[in-house]
Amino acid sequence: MRQVFVDTVEEVMRHDPRVAVVLAEISRDAFRPQERVVNVGIREQAMVGVGAGLALAGMRPVVHSYAPFLVERPFEQVKLDFGHQDVGGVLVSIGASYDDPAWGRTHQAPGDVALFDTLPGWTVHVPGHPDEVGPLVRRALAGEDRVYIRLSLRRNASPHPVVEGFTEVRRGARGVVVAVGPVLDTVLAATAGVDVTVLYATTVRPFDAAGLLAAVRGGRANDVLLVEPYLEGTSAHLAAEALADVPHRLRSLGVRRDAELRAYGTAEDHDSAHDLDVPGVAAAVRRMFGPPAAAA
Amino acid sequence: MTVQGKPGYADLPALFRRMTGDEKHEWAAASTLDVLWVLYDRVLDVSPDRVDDPDRDRFLLSKGHGPMAYYAVLAAKGFLEPSLLDDWTSWGSPLGQHPDRVLVDGAEIGSGSLGHGLPLAVGTALGLRLQGRSARTVVLVGDAELDEGSNHEAIALAGRFGLDSLTTVVVDNESGTHGWPGGVAARFAVEGWQTSTVDGRDHGALHDAFTQAHPGRPLAVVAKVEGER
């Protein structure tokens, strides 16, 4: 995903002089040197402030680093330098919740999307396949607004067309499962044989409330399971709001909130620990929607 | 206000009093007053009829608290209708205890949280340079505000980038708790800035400091003022 991001930005920069990139060492070798690619060194507060300053001067900044250093460390800069100044920009992270767990907690940012939920006006994209990255980046660069794009090493086997709302990947009657970005393949495997609708999201803010409500009304049970690759329940408030006038059940899966997991290992190990692997998601599916139909 | 002609420095106390009432000397104690006046009266290429002109100079007030002097100068220079001063900080007024760029014509940034203006100014100056514009970017910070680490990130960057369209004016009333051994200017000089330390009440000295040549280097003007009276 990172390479597609870099290639797309460099291609757009060739014909759009507004676009400039601000980095803080991370990915510095991925971009070809040119004056509109600015590496500020290990200065994440300045990275975000400089990005917003570029926007104040009329440019379209791309600000990029590892997720904790882009979102968490300079969070007040994200809040004030972009939001409060009311300027636009495209923030692009790598690392996700635990792409490379050997680095430990310092390089994990399962709370990033929840943090953006404290700020008005941000669009949040969570692509699930490298082929989805190009269209999302292109659209973000062409706009004027505030966009966060969360890239990951995790990916689904195949891409889906990039659309604004949710994409119905499978239709069923016993409820709805929402899969955000790279968790789609896990969700599809965990719901195999279960009569549920599966919705797929690469854009999670704004949250497609109408799409969720329509999917719920299209089935027999008003039951929704949210599966997100970051903090558990991050979108639960928006799902609940979408279903405010419908008696419903809502459950959320994601990175657990109740403990800091002090373990290294692989991303797959962490999936298991958070019940975000196929057995974990399948168990939640079974509890909510009942067992799968007997195999033919 | 003077009866005729453009408002001048002597009109600032009256504008000030529209916000503060009759507190004696408060206007004169405002540490930023003379710096702001010299900038808007004699240095910056800005005017109310071109607040969106991409080639205007940029003034970023980073030290956003105590904005009465800023509002008074903006009113004197025609950016603000002076009557707005009368009910400042009330519901519905665009003028708060911290300025908001979305609400105040001529305010380039909303400020109040310290340590944001200088990095924003570096990005602004860089963006103007990348677009081939010659506009100046001037940012005002307080000496205590320099405690914020984000400023030191920005000071180093601007020096390394040779951002000669950038000026930082530090209003130094020695209000930082732990101080700056060797003086504030030394912090900038070691990062490659050209520096001047002047009497922050001396309009001529301020003007000379702001208009000195400083090719290839950003400029830091340390304006020394007395502490709270």
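Every chain is numbered independently, its residues counted from 1 as its sequence is written. Chains and ligands are labelled by the order in which they are written, letters from A for the one and numbers from 1 for the other. Only residues with pLDDT of at least 70 get local features here, since the model is predicted, and only at 80 or more are side-chain atom pairs given and counted; chain-wide, interface and lining totals rely on the full set of residues. Note that water and hydrogens are dropped before the side-chain values are worked out from all heavy atoms of the structure.

Take the overall build of chain A next. Under the scheme used here, helices are H or I runs from DSSP no shorter than 4 residues and strands are E runs no shorter than 2 residues, and both carry numbers assigned from the N terminus. Counting its regular elements, chain A contains eleven helices and twelve strands. Overall size of chain A, expressed as C-alpha extent along the three principal axes, is 60 × 40 × 30 Å. Burial classes follow relative accessibility: with a 1.4 Å probe on protein chains only, a residue under 20% of its type's maximum area counts as buried, one over 50% as exposed, and anything between as partly exposed. Scored against the burial criterion, the 296 residues of chain A give a buried share of 60%. We call two residues contacting when some pair of their heavy atoms lies within 4.5 Å. If you take every contact in chain A between residues at least 6 apart in sequence, the share linking residues at least 24 apart comes to 72%.

This part takes up the interface of chain B and chain A. Taken residue by residue, the interface counts 25 residues in chain B and 27 residues in chain A. Two parts placed together each lose some accessible area under a 1.4 Å probe, and adding up what both lose gives the buried area. Both faces combined, the contact of chain B with chain A buries some 2,100 Å², and carbon together with sulfur accounts for 62% of it. Ranking the residues of chain B by area buried against chain A places His 116, Leu 130 and Glu 153 of chain B at the top, with a combined share of 28%. Note on definitions: salt bridges are taken to be side-chain nitrogens of Lys or Arg within 4 Å of carboxyl oxygens of Asp or Glu. Counting across the interface, chain B meets chain A through zero salt bridges. Whenever two N or O atoms come within 3.5 Å, that pair is a polar contact, provided that in protein one can donate a hydrogen and the other can accept it, and provided that, for residues adjacent in sequence, both atoms are side-chain atoms. Taken together, the connections running from chain B to chain A amount to nine residue pairs in polar contact (both at pLDDT 80 or more). Broken down by secondary-structure element, the contributors of at least two residues to the side of chain B that touches chain A are helix H5 (117-130) and helix H6 (149-161) of chain B. Counting residues per element, the side of chain B that touches chain A draws most heavily on H5 of chain B, which supplies nine residues.

Residue and element names in this part refer to chain A. Here five strands make up an open sheet; going across it, the order is S7-S9-S8-S11-S12 and the pairing mixed. Each edge of the open sheet is held by one strand with a lone partner, namely strand S7 (167-170) and strand S12 (249-255). For this sheet, the mean inter-axis angle between neighbouring strands, taken without regard to orientation, is 25 degrees. Strands pair, by our definition, only if DSSP identifies at least two bridges between them. Here S7 runs beside strand S9 (residues 197-201); their pairing, made up of three bridges, is antiparallel. Counterpart to Thr 167 in the pairing with S9 is Tyr 200. What counts as an axis is a line fitted to C-alpha atoms, over the stretch in contact for a helix, and the angles between N-to-C directions run from 0 to 180 degrees.

Residues and elements named next belong to chain A. Most of S9 sits inside the fold, with five of its five residues counted as buried. Of the two faces of S9, the one lined by Thr 197, Leu 199 and Ala 201 and the one lined by Val 198 and Tyr 200 are each fully buried. Here is how to tell: hold the view so the strands point away, follow the path from the first strand over the helix to the second, and if it runs clockwise the crossover is right-handed. Handedness of the β-α-β unit built from strand S8 (residues 176-180), helix H7 (residues 184-190) and S9 comes out right-handed.

Across the interface, helix H2 (residues 44-56) of chain A lies against H6 of chain B with an axial gap of 8 Å and an inter-helix angle of 70 degrees. Considered as vectors, H2 of chain A and H6 of chain B are oriented roughly perpendicular to each other. Every residue of H6 of chain B that contacts H2 of chain A at Glu 44, Gln 45, Ala 46 and Val 50 of chain A is listed here: Ser 150, Glu 153, Ala 154 and Leu 157 of chain B. Under the grouping applied here, Gly and all other residues not named as nonpolar or charged are polar, the nonpolar ones being Ala, Val, Leu, Ile, Met, Phe, Trp, Tyr, Cys and Pro and the charged ones Asp, Glu, Lys and Arg. Looking at side-chain class alone, the contact of H2 of chain A with H6 of chain B contains four nonpolar, two polar and two charged residues. Should an angle fall under 35 degrees it is taken as roughly parallel, and over 145 as roughly antiparallel, whereas 65 to 115 is taken as roughly perpendicular and any remaining angle as oblique.

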